[in-house]
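# Topology and contacts: notes
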Amino acid sequence: MGDHDTVRVRLRTALRADDPWTALYALSTDRPAGLAEAVEELYRSDADRAAFRPHLAWFLRSMGEPGDAVLTRLLAEPAFAAADRQDLLRTAVARGLRLPAELLRAYGQEAPASSGSDAHADGPAAPELVDAMGLSGDPSFAPRLGALLEIPSVRSRAALALGRLGAREWTAPIAGRLSEVTGLDHTAFTVALELMGDPAAVPHLLRWLAESGEERVYDVHHALVRLTGRDPLLPELARGAGYAAAVRAAWADGRTERTPAVVRDLVVESGARARFSVDGGAGRIRIAFDPPSPGSTWPRWDRSLTFDDKPLYRVGSHCDTCELSLTLLDWPADEATGTAARMRARLADLDRIDAALLAEWSPVLGELETGHYRALLLDLPLERVTRPARSWWYRRVVARAQVDDDSEYGEDRPEDHWPGVAHFQLTAPVPGGRVPFAYGALLPSQPPEALDQATVARHAAAIAAGERPAAVVLGWIDDRYVAARHQERWLVGAVLDGHHRLAAYAAAGVPARVLLLACVGGGGGADGGLEGLEEVAAAYGRRD
């Protein structure tokens, strides 16, 4: 039996398994040569397509570029039924493929016609086609997409598609319709304006901000910040009507120019804790919403920790019943945390926080995102974890299964939860807290393999001599109620400076001196977390 036949047999075996999704995942991980071609062959078979179409389409989506080439070829096949082509186009949209305009026009002519209130002279409004037109990069689709702004069932997709095309002639029409849409449609329209990146939207947004209802203010404020670069400081923990009033007041004078960052409201509470605010922060390091996934019904969902607007870690959604997961996306082009190096002279043996110290670091702190911060000087018992089964990202799954016999996570694999990089974590959950499962993980902002072992040894010698060199970590508290069954809390941090120091502490088994800078009150995607920070400070705060 040749290699091609072997791959085809393995694929058929996986498809007929009792649990085909798991079997296909294992086959995709192994990825034998010729697998994409075998999938294409089965899809072209009427019998196999009828039996396995959902599995085959999902499999193509998981295969990356080889699967993309197969998807494009299959979509160009006129012999397939409309349902088959719809499934393929939805898969291509989920992959974010840029498909030929001719192929999309042919699809539009063959798609089932819309009816009722969604009928339109410009033809059918198949949602997957609207998404695909936005991904095509072809500006000739803009007039048709603009006409679809009048159709309730697809207007949010049409707005986002125009945003992806960068069709700025539709900036004013989209902004002018903000008063006509609510809920997710309103969010989609403001996100579309952000995708456009067109300053012409700003006057429309300012006028609408003064008139909009309380529930729409966040979207307008977010779009104004992204389009102008001006990020005014709002009151800490502002919510509801108070938040809406504060946003309107911040933009009431019409100022849109970016001003230099100011570190203000500095209060040193003890040698181990302080608070401060950053107004007009540069936001070089921030948690930001990802561009909306094509085909998704949620215009704002996934978020990433970004350095100079380049995603470093995917943080996942802000849904409080979804579990927190971090995934390494890419390393900064340069050492994005290099500015923290200016702090090193005082970090060599840091034993207390004081006002002079934070004032000296104001230029560095101003590069953070606008918001309210807590500075905590901590001694964290850390270990370096390199194996997925050892990480809290997976061990929390085991803990859930132990308290919930019906846990859907009981059979998860360790690598399914691994963030993709060796990192540091607390040796045990945070003690004494209200939430029994309170974990901690500090993730690197540079490749761990780039560590210089001589530098690690130098820090190890200093630690052995009683010195306590400090690392600087930008962090936050994340609270979840996973699947509405499991309370879970995380102290999460990105190491801004001190990778070598943390490695030396972990190797020596000595609690690591960490200066934690934590944003509270909604800045940076955090949800407050004051209770969690108090518990962390009580457990690990540096003692005089």
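Quick look at the structure, then. (Residues numbered from 1 in each chain as written. Predicted model: local features only at pLDDT ≥ 70, side-chain atom pairs only at ≥ 80, totals over all residues. Heavy atoms only, no water.)

A separate point is the overall build of the chain. Counting secondary structure elements, the chain contains 22 helices and 13 strands. The C-alpha atoms of the chain give a radius of gyration of 26 Å, which matches the 24 Å a tight globule of 544 residues would have. Dimensions of the chain, computed from C-alpha atoms along their principal axes, come out at roughly 75 × 70 × 45 Å. Out of the 544 residues belonging to the chain, those deemed buried represent 53%. Summing over all exposed atoms, the chain offers an accessible surface of approximately 23100 Å²; the carbon and sulfur share of this is 51%. (Helix = DSSP H or I, 4+ residues; strand = E, 2+ residues; numbered from the N terminus. Rg over C-alpha atoms; globule rule 2.2 N^0.38 Å. Buried < 20%, exposed > 50% of the residue type's maximum accessible area, 1.4 Å probe, protein only. Areas by Shrake-Rupley, 256 points an atom, 1.4 Å probe, with all protein chains shown as cover.)

It is characteristic of soluble globular proteins that their nonpolar side chains tend to be buried jointly. Within the largest apolar cluster, 83 residues are counted, with the highest numbers of intra-cluster contacts made by L11, L104, L145, L162, I174 and L205. In contact with L145, other than residues within four places in its own chain, are V130, M133, G134, A158, A161, L162 and L165. Grouped together as the second largest cluster of nonpolar side chains are 45 residues, Y313, L324, A375 and V421 included. (Core = buried A, V, L, I, M, F, W, Y, C linked by side-chain atoms within 4.5 Å. Contact = heavy atoms within 4.5 Å.)

What the rule picks out here adds up to nine aromatic pairs. A ring pair is formed by W58 and F59, whose centres lie 6.3 Å apart and whose planes are at 20°; its orientation type is stacked. Its relative accessible area of 31% is what places W58 among the partly exposed residues. Relative accessible area serves as the criterion here: at 0%, F59 is assigned to the buried category. (Phe/Tyr/Trp six-rings, centres within 6.5 Å; stacked < 30°, edge-to-face > 60°.)

Reading across the sheet, the four strands line up as β3-β4-β5-β6 and stay open at both edges, with antiparallel pairing between neighbours. The open sheet has two edge strands with one neighbour each: β3 (285-289) and β6 (327-328). Of the strand pairs in this sheet, strand β5 (residues 310-316) and β6 are connected by two bridges, and their pairing is antiparallel. Within β6, the residue paired with Y313 across the bridge is L328. (Pairing = 2+ DSSP bridges.)

Taken as a whole, helix α13 (residues 201-211) has its buried residues at A201, V202, L205, W208 and L209. Taken down its axis, α13 places every buried residue within 130° of arc, on the same side. Facing away from the buried surface of α13 by more than 90 degrees, the exposed residues are A210 and E211. Here the buried face of α13 lies against α11 (171-176), α12 (183-196), α14 (217-228) and α15 (240-251). (Arc of directions from axis to C-beta.)

A few words now on the environment of A188. Structurally, the position occupied by A188 is in helix α12. When its relative accessible area of 1% is taken as the criterion, A188 is described as buried. Each residue touching A188, except ones within four places of it in the same chain, is listed here: S156, L160 and P299.

Throughout the structure, instances matching the rule amount to 47 salt bridges. Here E488 ties to R400 by a salt bridge, and the two come within 2.9 Å at their closest N and O atoms. Residue E488 is found in strand β12 (residues 486-497), and its partner R400 is found in helix α19 (residues 392-403); the two are separated by 88 residues along the sequence. Across the pair, exposure class does not vary: E488 and R400 are buried alike. Among the ionic pairs, R489 bridges to E535, the shortest N-O distance being 2.7 Å. (Salt bridge = Lys/Arg side-chain N within 4 Å of Asp/Glu carboxyl O.)

What follows concerns the pairing of strand β9 (residues 423-426). Burial of β9 is two-sided: the residues H423 and Q425 facing one way and the residues F424 and L426 facing the other way are all buried. Across four bridges, strand β8 (residues 382-385) lies against β9 in antiparallel orientation. Paired with V385 across the strands is H423, a residue of β9. Relative to strand β10 (residues 438-443), β9 runs antiparallel, the two being bridged by two bridges. For Q425, the partnering residue across the bridge sits in β10 and is A441.

This paragraph deals with α19. In this model α19 runs 16 Å from its N-terminal to its C-terminal C-alpha over twelve residues, within 8% of the 16 Å that 1.5 Å per residue would give. The set of residues buried in α19 consists of W392, W393, Y394, R396, V397, A399 and R400. Looking at the buried residues of α19, the elements they touch are β9, β10, β11 (471-482) and β12. (Expected span 1.5 Å × (residues − 1).)

This next bit is on the sheet that holds β8. With mixed pairing, the nine strands of this open sheet are ordered in space as β1-β2-β7-β13-β11-β12-β10-β9-β8. Both edges of this open sheet fall to β1 (262-270) and β8, since each of them pairs with a single strand only. This sheet shows a mean twist of 30° between the axes of neighbouring strands, independent of strand direction. Two strands pair when backbone bridges link them, and β11 and strand β13 (residues 512-520) are joined in this way by five bridges, in the parallel orientation. If you follow V473 over to β13, its bridge partner there is L516. Against the sheet, helix α22 (residues 530-540) touches β2 (273-279), β7 (371-380), β9, β11, β12 and β13, its axis set at about 25° to β7. (Axes fitted to C-alpha atoms, helices over the stretch in contact; angles between N-to-C directions.)

Remark: helix α6 (residues 82-94) packs on helix α8 (residues 127-135), axes separated minimally by 9 Å, with the N-to-C direction vectors making an angle of 40°. As far as their axial angle goes, α8 and α6 are oblique. In this structure, α6 meets α8 at a crossing whose hand is left-handed. Where α6 abuts α8, its residues Q86, L89, R90 and V93 lie against E128, L129, D131, A132 and L135. (Parallel < 35°, antiparallel > 145°, perpendicular 65-115°, else oblique. Left-handed = near helix turned anticlockwise from the far one by under 90°.)

Attention shifts here to the environment of L305. Residue placement: L305 occurs in strand β4 (residues 303-307). Excluding anything up to four places from it in sequence, L305 contacts I285, R286, I287, K310, P311, L312, Y313, V315 and A494.

Structurally, the position occupied by S277 is in strand β2. Side-chain polar atoms of S277 contact the side chain of H372, separated by 2.8 Å. Setting aside residues up to four positions removed in sequence, S277 forms contacts with L233, V262, V263, R264, D265, G371 and H372. (Polar contact = N/O pair within 3.5 Å; in protein donor to acceptor, adjacent residues only side chain to side chain.)

Looking at the element boundaries, A249 is found in helix α15. Sequence spacing of A249 and A210 is 39 residues, and the spatial spacing of their C-alpha atoms is 9.4 Å.

Moving on to a nonpolar patch on the surface. On the surface, W21, Y25 and W58 cluster together into a nonpolar patch covering about 300 Å² of accessible area. Examined against the element boundaries, W58 turns out to sit in helix α4 (residues 46-62). (Patch = residues over 30% accessible without salt bridge, like charges linked within 9 Å, V, L, I, M, F, W, Y side chains within 5 Å.)

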